[in-house]
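Residue-level structural notes
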Amino acid sequence: RSPRLPARELSAPARLYHKKVVDHYENPRNVGSLDKTSKNVGTGLVGAPACGDVMKLQIQVDEKGKIVDARFKTFGCGSAIASSSLATEWVKGKTVEEALTIKNTDIAKELCLPPVKLHCSKSLFLAEEKTQLSP
């Protein structure tokens, strides 16, 4: 019979993900939707066939071109959810052009994602690139 380990040592999130990922996964910021019919709201939707992640990113832009709000809905792994959550925090207060300079590798580095999870943050930025303001 093998010795029993304390439950906390068996916790998958604690073992597999950095504490920043766990924080954004357990306490995601800016989850939800904005009014997609609003002229100052842009919506991007992307799926990652490799792993099944689906991400919707929405931004609300003021008359000066600054992102005043950002929301996301993500169906996927903890890394995808954490990447979406962090990205919405980072884009607020930036212009669309400034937000587009944020790279998925910046998000991955901040969250300490391993190389095998880099695609989780990349999918999010494909959604950001596809975000269009309503006509």
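As shown above, the structure is provided for reference.
Bear in mind the structure is a predicted one, so any value in this text is a computation, not a measurement.

Focus on helix H4 (residues 78-91)
Across its 14 residues, H4 extends 20 Å between first and last C-alpha, which sits within 8% of the 20 Å expected from 1.5 Å per residue. When you tally the buried positions in H4, you get 12 out of 14 residues, the bulk of the element. Those residues of H4 that sit buried are Gly78, Ser79, Ala80, Ile81, Ala82, Ser83, Ser84, Ser85, Leu86, Ala87, Thr88 and Val91. Positive backbone phi, at 90 degrees, marks glycine 93, one or two positions downstream of H4.

Structural notes on a nonpolar patch on the surface
On the surface, Leu45, Val54 and Phe75 cluster together into a nonpolar patch covering about 330 Å² of accessible area. Looking at the element boundaries, leucine 45 is found in strand E1 (residues 41-48). Judged by relative accessible area, which is 53%, leucine 45 ranks as exposed.

Structural notes on the nonpolar core
Formed by 15 residues in total, the largest nonpolar core has its most connected members in Val21, Ile59, Ile67, Val91, Ile107, Leu111 and Leu113. Those elements giving two or more residues to this core turn out to be strand E2 (53-61), strand E3 (67-75), H4 and helix H6 (104-111). The element that contributes the greatest number of residues to this core is H4, accounting for 4 residues.

Let's talk about the pairing of E3
Where E2 meets E3, 8 bridges bridge the pair, whose relative direction is antiparallel. Bridge pairing in E3 links methionine 55 to threonine 74. Between the end of E2 and the start of E3, which pair antiparallel, lie 5 residues, with glycine 65 showing a positive phi angle near 90 degrees.

Some words on the environment of aspartate 35
Mapping aspartate 35 onto the fold places it in the loop between helix H3 (19-26) and E1. Aspartate 35 sits in the partly exposed class, given a relative accessible area of 47%. For aspartate 35 and glutamine 60, which are 25 residues apart along the polypeptide, the C-alpha to C-alpha distance reads 9.0 Å. For aspartate 35, the side chain forms a polar contact with the side chain of threonine 37, separated by 2.6 Å.

Notes on the pattern of salt bridges
A pair can form between side chains of opposite charge whenever their charged atoms are brought close. Scanning all chains against the criterion turns up 5 salt bridges. Across the pair glutamate 89 and arginine 29 runs a salt bridge whose closest N-O atoms are separated by 3.5 Å. Of this pair, glutamate 89 sits in helix H4 while arginine 29 sits in the loop between H3 and E1, placing them 60 residues apart in sequence. A relative accessible area of 23% means that arginine 29 is categorised as partly exposed. The partner of aspartate 69 in a salt bridge is lysine 92, and the shortest N-O contact between them spans 3.6 Å. Of this pair, aspartate 69 sits in strand E3 while lysine 92 sits in the loop between H4 and helix H5 (96-99); the two residues are 23 residues apart in sequence, bridging distant segments of the chain. According to the relative accessible area criterion, lysine 92 is partly exposed, its value standing at 32%.

Scoring rules and cut-offs
Residues numbered from 1 in each chain as written. Predicted model: local features only at pLDDT ≥ 70, side-chain atom pairs only at ≥ 80, totals over all residues. Heavy atoms only, no water. Helix = DSSP H or I, 4+ residues; strand = E, 2+ residues; numbered from the N terminus. Expected span 1.5 Å × (residues − 1). Buried < 20%, exposed > 50% of the residue type's maximum accessible area, 1.4 Å probe, protein only. Patch = residues over 30% accessible without salt bridge, like charges linked within 9 Å, V, L, I, M, F, W, Y side chains within 5 Å. Areas by Shrake-Rupley, 256 points an atom, 1.4 Å probe, with all protein chains shown as cover. Salt bridge = Lys/Arg side-chain N within 4 Å of Asp/Glu carboxyl O. Core = buried A, V, L, I, M, F, W, Y, C linked by side-chain atoms within 4.5 Å. Pairing = 2+ DSSP bridges. Polar contact = N/O pair within 3.5 Å; in protein donor to acceptor, adjacent residues only side chain to side chain.

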